[in-house]
Amino acid sequence: MDGEKRKRSICSRQEPAAALKILKDGNNKRDEIPDRVTLKKEIGLLSACTIIIGNIIGSGIFISPKGVLEHSGSVGLALIVWVLGGCIAALGSLCYAELGVTIPKSGGDYSYVTEIFGGLVGFLLLWSAVLIMYPTTLAVIALTFSNYVLQPVFPDCVPPYMATRLLSTVCLLFLTWVNCSSVRLATRIQDVFTVGKLAALGLIIVVGLVQICKGNYEGLTPHVAFEFSRTPSVGQIALAFLQASFAFSGWNFLNYVTEEVVEPRRNLPRAIYISIPLVTFVYTLTNIAYFSAMSPEELLSSNAVAVTFGEKLLGMFSVIMPISVALSTFGGINGYLFTSSRLCFSGAREGHLPSLLAMIHFKNCTPIPALLCCCTATIVILCIGETHNLINYVSFINYLSYGVTIAGLLYYRWKKPKLYRPIKVNLLVPVTYLMFWAMLLGFSLYSEPVVCGVGLVIMLTGVPVYFLGVHWKSKPKCIYDFIGGCPLQSWLSKIEVIPISDADRAESPASAISSLVIPAWVIERRTLLPVVMVIQ
């Protein structure tokens, strides 16, 4: 450094009235820290599309076909479920496009519900997402990745339990490091692996179309496709939609990083309009390809649908399939880490999670504490072992949060009718989605009351946590002293992270500086503001 001033970060912006914040580095030289630090706007239209596509196409298309067929009872109805699942995702994404440009905050559902309904409802969505929804989904994708990578090593048996967990953990730690290091690098990885996973599904589709051209489409003819092995109940069809919804989950994830999107009012809706129809088209053709090569009985008995498909049609090149699926899930892990960490970040910024999760690296502008939190929660879920049993809970909570958010759209229109909305969807779009949503959840509760009940219980456990941790303002000083002296704060002092600038938190230069110099956590507007932590 030799006395030269460090260049200001791309993610900083100077305010004329802000005081210069200075600290000492290890050589007792004086370095400048940016006065205001914000997340970088580095996500263009292409990266926005790959975030949506990359988050949707993870492990779901390789896991859910079996569940959809099992609950629907026939090939024809299963294909209808896949097409309608994409249409419902498209309706929901249109509503989220309006919310995303009307309330331009990172955090997705959580930020919108908090803005519209208040802190408690927003906290319950945040609680269920951080506690179970995203860690479980990440764990399932990571285990799918490790199982497909290890399958060629253990061709005649199931990969060992410890081997799959260890590889999943290594993958998570590596991608967490990437996301901590650079937003640009993380989005480039997402771009590359999204192309890779589309290529993998493209291979399945092309091989399936070749089979159809050869005349192997008997199972897709109407009189065979709609031959039911058993007549499905309405509840079973609802469960088939829940299975498909797991494969489509992630369509709303671009809304979690709205603040990092370049020109969000233009690129957010464009990315949605491009990505959702493309994924629906690819998913439908992929399932048609599966059914062109496998009978319903073969698909239901397969533990790895894509691998069974490859073994039947690709011969000696069948090893391509597990590699392709592994690449697909690797990109899915990266996308989920990128977006779910922004949810923790947004929750901390609103005061609903510990404020250290709202801190970002002042040079890389990455939310390191939030990323570490997401990684740790996922590793804990991995250690539990029964992650696949949680998929139905995740799907139920997902759909519940979607419905509450889109109901909030209607309420917000009534509450603030004159508010400027760059995008305003037809009223039939949210109403149609909510009608389908109510029917789906109603029949799901009827068919699987235990699964849905557990999902509700998981969400409602956040009520006492909210009132004790957030709503209770006059906590004893010993609680703040304990938090301020926690080992994690000492550990974070070894990395260069500082609080995100926020108009609600620092209304004046004096308040910004005071949060820098007080050697403990201070109370301001019901929110604990952390001290600035920099490398010493």
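What you see is a predicted model; the values in this text were computed from it and never measured. (Residues numbered from 1 in each chain as written. Predicted model: local features only at pLDDT ≥ 70, side-chain atom pairs only at ≥ 80, totals over all residues. Heavy atoms only, no water.)

**Observations regarding the overall build of the protein chain**
And then number 1: Summing up its helical and strand segments, the protein chain has 21 helices and 6 strands in all.
And then number 2: Each of the 536 residues in the protein chain was classed as buried or not, and the buried ones make up 57%.
And then number 3: Within the protein chain, contacts between residues at least 6 apart in sequence are counted, and of these 80% link residues at least 24 apart.
And then number 4: For the protein chain, the accessible area works out to roughly 22,500 Å², and carbon and sulfur atoms hold 67% of it. (Helix = DSSP H or I, 4+ residues; strand = E, 2+ residues; numbered from the N terminus. Buried < 20%, exposed > 50% of the residue type's maximum accessible area, 1.4 Å probe, protein only. Contact = heavy atoms within 4.5 Å. Areas by Shrake-Rupley, 256 points an atom, 1.4 Å probe, with all protein chains shown as cover.)

**Topic: a nonpolar patch on the surface**
And then number 1: A surface patch of nonpolar side chains, about 590 Å² in accessible area, is lined by Met316, Phe317, Val319, Ile320, Ile323 and Leu327.
And then number 2: Looking at the element boundaries, Phe317 is found in the loop between α12 (305-313) and α13 (320-349). (Patch = residues over 30% accessible without salt bridge, like charges linked within 9 Å, V, L, I, M, F, W, Y side chains within 5 Å. Salt bridge = Lys/Arg side-chain N within 4 Å of Asp/Glu carboxyl O.)

**Structural notes on the packing of helix α3 (residues 75-102) against helix α4 (residues 109-117)**
And then number 1: Viewed as axis vectors pointing N to C, α3 and α4 meet at an angle of 65°, and their least axial separation amounts to 11 Å. What the angle tells us is that α3 and α4 run roughly perpendicular. The interaxial crossing formed by α3 with α4 has left-handed handedness. Contacts between α3 and α4 involve Tyr96, Leu99 and Gly100 from the former and Asp109, Tyr112 and Ile116 from the latter.
And then number 2: Across the contact of α3 with α4, the residue classes break down as 4 nonpolar, 1 polar and 1 charged. (Axes fitted to C-alpha atoms, helices over the stretch in contact; angles between N-to-C directions. Parallel < 35°, antiparallel > 145°, perpendicular 65-115°, else oblique. Left-handed = near helix turned anticlockwise from the far one by under 90°. Nonpolar A, V, L, I, M, F, W, Y, C, P; charged D, E, K, R; others polar.)

**Brief notes about the packing of aromatic side chains**
And then number 1: Taken as a whole and judged by the stated rule, the model has 19 aromatic pairs.
And then number 2: Ring geometry for Trp82 versus Phe248: centroids 6.2 Å apart, planes at 50°, classification tilted. Highlighted residues: Trp82 in helix α3 and Phe248 in helix α9 (residues 234-248), separated in sequence by 166 residues.
And then number 3: A residue is classified by how much of its surface remains accessible, and Trp82, at 1% relative accessible area, is buried.
And then number 4: Between Phe123 and Trp127, the aromatic rings sit 6.1 Å apart at their centres with planes inclined by 25°, giving stacked as the arrangement. With a gap of 4 residues between them, Phe123 and Trp127 both fall in helix α5 (residues 119-150), about one helical turn apart.
And then number 5: The exposure class assigned to Phe123 is buried, which follows from its relative accessible area of 3%. (Phe/Tyr/Trp six-rings, centres within 6.5 Å; stacked < 30°, edge-to-face > 60°.)

**Details of the environment of Gly250**
And then number 1: Mapping Gly250 onto the fold places it in the loop between α9 and α10 (264-293).
And then number 2: Residues Gly250 and Ile51, 199 residues apart in the sequence, show an inter-C-alpha distance of 8.8 Å.
And then number 3: Each residue touching Gly250, except ones within four places of it in the same chain, is listed here: Ile52, Asn55, Ile56, Tyr336 and Tyr402.

**Quick notes on α5**
And then number 1: Across its 32 residues, α5 extends 44 Å between first and last C-alpha, which sits within 8% of the 46 Å expected from 1.5 Å per residue.
And then number 2: Most of α5 is tucked away, with 25 of its 32 residues classed as buried. (Expected span 1.5 Å × (residues − 1).)

**A word on the state of the cysteines**
And then number 1: Under the counting rule described, the total for this entry stands at 0 disulfides.
And then number 2: Unpaired in this structure, Cys375 has its nearest cysteine sulfur neighbour in Cys180, at a distance of 8.5 Å. (Disulfide = S-S within 2.5 Å.)

**Looking at the side chain of Asn252**
And then number 1: Along the chain, Asn252 turns up in the loop between α9 and α10.
And then number 2: Here Asp109 takes part through its side chain, which lies 2.9 Å from a polar atom of the side chain of Asn252.
And then number 3: Not counting residues up to four positions away in its chain, the partners in contact with Asn252 are Tyr96, Asp109 and Tyr402. (Polar contact = N/O pair within 3.5 Å; in protein donor to acceptor, adjacent residues only side chain to side chain.)

**Remarks on the packing of helix α1 (residues 45-56) against α10**
And then number 1: Relative to each other, α1 and α10 sit at 40°, their axes nearing to 9 Å. Classified by the angle their axes make, α1 and α10 are oblique. For the element pair α1 and α10, the recorded crossing hand is right-handed. Within the contact between the two elements, α1 uses Leu45, Ala48, Cys49, Ile52, Ile53 and Ile56 and α10 uses Asn267, Arg270, Ala271, Ile272, Ile274, Ser275, Ile276, Leu278, Val279 and Tyr283.
And then number 2: Grouping the amino acids of the contact of α1 with α10 by side-chain chemistry returns 13 nonpolar, 2 polar and 1 charged.

**Some thoughts on the environment of Ile379**
And then number 1: Mapped onto the elements, Ile379 comes out in helix α14 (residues 368-384).
And then number 2: Between the C-alpha atom of Ile379 and that of Ala142, which follows or precedes it by 237 residues, the distance is 9.9 Å.
And then number 3: Apart from residues no more than four positions distant in its own chain, Ile379 is found in contact with Thr169, Leu172 and Leu173.

**Things to note about the pattern of salt bridges**
And then number 1: Counted according to the given criterion, the structure contains 4 salt bridges.
And then number 2: One salt bridge in this structure joins Arg413 and Glu98, with 2.6 Å as the shortest N-O distance. On the criterion of sequence distance, the pair formed by Arg413 in helix α15 (residues 391-415) and Glu98 in helix α3 is long-range, its members being 315 residues apart.
And then number 3: A salt bridge links Arg421 to Glu98; the nearest nitrogen and oxygen atoms lie 3.6 Å apart. Of this pair, Arg421 sits in the loop between α15 and α16 (428-447) while Glu98 sits in helix α3, placing them 323 residues apart in sequence.
And then number 4: When salt bridges that share partners are traced, they join Glu98, Arg413 and Arg421 into one network.

**As for helix α18 (residues 462-471)**
And then number 1: The set of residues buried in α18 consists of Gly462, Tyr466 and Val470. One side of α18 holds all its buried residues, which, seen down the axis, span an arc of 45°. (Arc of directions from axis to C-beta.)

**Quick notes on the nonpolar core**
And then number 1: Counting 133 residues, the largest nonpolar core has Phe62, Ile204, Leu254, Tyr283, Tyr290, Ile333 and Tyr399 as the members making the most contacts within it.
And then number 2: Here the element with the most residues in this core is α5; it accounts for 14 residues.
And then number 3: Setting aside its immediate chain neighbours within four residues, Ile204 contacts Phe62, Thr286, Ala289, Tyr290, Ala306, Phe309 and Met321. (Core = buried A, V, L, I, M, F, W, Y, C linked by side-chain atoms within 4.5 Å.)

**Here we look at the confidence of the model for the protein chain**
And then number 1: This prediction gives the protein chain a mean pLDDT of 74; 79% of its residues lie at or above 70.
And then number 2: Contacts of residues 1-10 to residues separated by more than four positions or lying in other chains number 21 contacts, the stretch itself having pLDDT below 50.
And then number 3: Per-residue pLDDT stays below 50 along residues 493-497; that stretch engages in 25 contacts with residues further than four places along the chain or on separate chains. (pLDDT = per-residue confidence, 0-100.)

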